[in-house]
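The chain contents come next:
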Amino acid sequence: MGTKATGILAATALLGACAMERAELEKPTAAGDTIRFSAGPCFGACPSYTLRVTPDGSGLIEPQRFTAVPGPTRFTVTPVQYRRLRTALAQFRPAQGTVKRIGQGENCTRFATDMPGYLIEWTRGEAPPTRLEFQSGCMDANYGKLRATIASIPRMLDIAPMVKPTLAKGK
């Protein structure tokens, strides 16, 4: 193999290692939960991404589709933003270590199809994670506050520009 090809292969391997390393957050030293929020795809151009925030103020967004960031991107969360997120989600949090699903045919009577699904997960240390899975097509009135809270998360964390795709030039 030529010198140029060897150099390209080595550079590619290094970049791949850096990309994999960036996609992880350090274990938090502050007490509290690491909160993971995932917005799933829809039948359209809904932003699809996963973000994680720690009580230390570290944040990481990993885009899948229709976002403004091209790859895993770190951001900082202030203590006030973290507390606001934790407090806003507390009323919807299932019992520690359990999973609660809100979806069609389970605990939802009015349902619109082709809407994104959301996952909120709280983890702390070695304890089992606590998860809330919400199919946003559930239009029952008693889930209106959950829908509003989910919609406010990008603004709450000051990452709305990251999850809203910019229009392509000329369109």
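Below is a short write-up of the structure. None of these values were measured; they are calculated from a predicted model. (Residues numbered from 1 in each chain as written. Predicted model: local features only at pLDDT ≥ 70, side-chain atom pairs only at ≥ 80, totals over all residues. Heavy atoms only, no water.)

Quick word on helix H2 (residues 79-90)
End to end, H2 covers 16 Å across 12 residues, agreeing with the expected 16 Å (1.5 Å per residue, within 8%). Inspection of H2 places Gln 81, Tyr 82, Leu 85, Ala 88 and Leu 89 among the buried residues, and these make up the whole buried set. One face of H2 carries all of its buried residues, which in axial projection span an arc of 135°. Of the exposed residues in H2, the ones pointing more than 90 degrees away from its buried face are Pro 79 and Thr 87. If you follow the buried residues of H2, they end up packed against strand S1 (34-39), strand S2 (48-53), strand S4 (73-76), strand S6 (117-123) and helix H3 (144-156). (Helix = DSSP H or I, 4+ residues; strand = E, 2+ residues; numbered from the N terminus. Expected span 1.5 Å × (residues − 1). Buried < 20%, exposed > 50% of the residue type's maximum accessible area, 1.4 Å probe, protein only. Arc of directions from axis to C-beta. Contact = heavy atoms within 4.5 Å.)

Let's talk about the sheet that holds strand S3 (residues 58-65)
For sheets, the rule is that strands pair by backbone hydrogen bonds, running either parallel or antiparallel. Judged by pairing direction, the sheet is mixed, and its seven strands sit side by side in the order S4-S3-S2-S1-S6-S7-S5 without closing on themselves. Pairing within the sheet leaves two strands with one partner each, and these edge strands are S4 and strand S5 (99-102). Direction aside, neighbouring strands of the sheet carry axes that sit 15° apart on average. As paired elements, S2 and S3 share six bridges and run antiparallel to each other. Within S3, the position partnered with Arg 52 by the bridge is Leu 60. Along the sheet, H2 contacts S1, S2, S4 and S6; its crossing angle with S1, the most-contacted strand, is approximately 70°. Along the sheet, H3 contacts S1, S2, S5, S6 and strand S7 (130-135); its crossing angle with S7, the most-contacted strand, is approximately 105°. (Pairing = 2+ DSSP bridges. Axes fitted to C-alpha atoms, helices over the stretch in contact; angles between N-to-C directions.)

Regarding the packing of aromatic side chains
Evaluation of the coordinates by the stated rule reveals three aromatic pairs. Aromatic side chains Phe 37 and Tyr 49 sit 6.1 Å apart centroid to centroid with 55° between the ring planes, which places their arrangement in the tilted category. Placement of the pair is Phe 37 in strand S1 and Tyr 49 in strand S2, with a sequence separation of 12 residues. The same class applies to Phe 37 as to Tyr 49, namely buried. On the basis of an interplanar angle of 50° and a centroid distance of 6.2 Å, the ring pair of Phe 134 and Tyr 143 is categorised as tilted. (Phe/Tyr/Trp six-rings, centres within 6.5 Å; stacked < 30°, edge-to-face > 60°.)

Regarding the layout of surface pockets
Here the largest pocket defines a volume of roughly 340 Å³. Lining the largest pocket are 16 residues, and of these Lys 27, Pro 28, Thr 34, Thr 123 and Gly 125 lie nearest its centre. Of the residues that constitute the lining of the largest pocket, the class distribution is three nonpolar, five polar and eight charged. As a volume, the second largest pocket reaches approximately 240 Å³. Residue lining of the second largest pocket: 15 residues in total, with Pro 47, Tyr 49, Tyr 118, Pro 154 and Lys 164 positioned closest to the centre. Residue assignment for the lining of the second largest pocket shows that the elements contributing at least two residues are S1, H3 and helix H4 (160-163). It is H3 that provides the largest number of residues to the lining of the second largest pocket, a total of four residues. (1 Å grid on protein atoms, 1.4 Å probe; cavity = no way out; pocket = protein on both sides within 12 Å on 5 of 7 lines; lining within 4 Å. Points joined across faces, edges and corners; volume = space filled by probe spheres on them. Nonpolar A, V, L, I, M, F, W, Y, C, P; charged D, E, K, R; others polar.)

Notes on unusual backbone geometry
A positive phi angle, close to 55°, is found at Phe 66, a residue other than glycine. Relative to the helices and strands, Phe 66 is located in the loop between S3 and S4. Its relative accessible area of 36% is what places Phe 66 among the partly exposed residues. Non-glycine residue Asp 114 carries a positive phi angle of around 65°. Among the secondary structure elements, Asp 114 is positioned in the loop between S5 and S6.

Some points on the state of the cysteines
Per the counting criterion, the structure on display carries two disulfides. Here Cys 42 connects covalently by a disulfide to Cys 46, the sulfurs 2.1 Å from one another. An S-S torsion of about 100° defines the bridge between Cys 42 and Cys 46 as right-handed. For Cys 42, a relative accessible area of 14% translates into the label buried. For Cys 46, a relative accessible area of 24% translates into the label partly exposed. Between the sulfur atoms of Cys 108 and its disulfide partner Cys 138 the distance amounts to 2.3 Å. Looking down the S-S bond of the Cys 108 and Cys 138 bridge, the torsion is 115°, so its handedness is right-handed. One end of the pair, Cys 108, is in the loop between S5 and S6; the other, Cys 138, is in the loop between S7 and H3, and 30 residues separate them in sequence. In this structure, Cys 108 and Cys 138 share a single accessibility class: buried. Each bonded cysteine in the chain gets a number by its place in the sequence, and the pairs come out as 1-2, 3-4. (Disulfide = S-S within 2.5 Å.)

These figures capture arrangement, not role.
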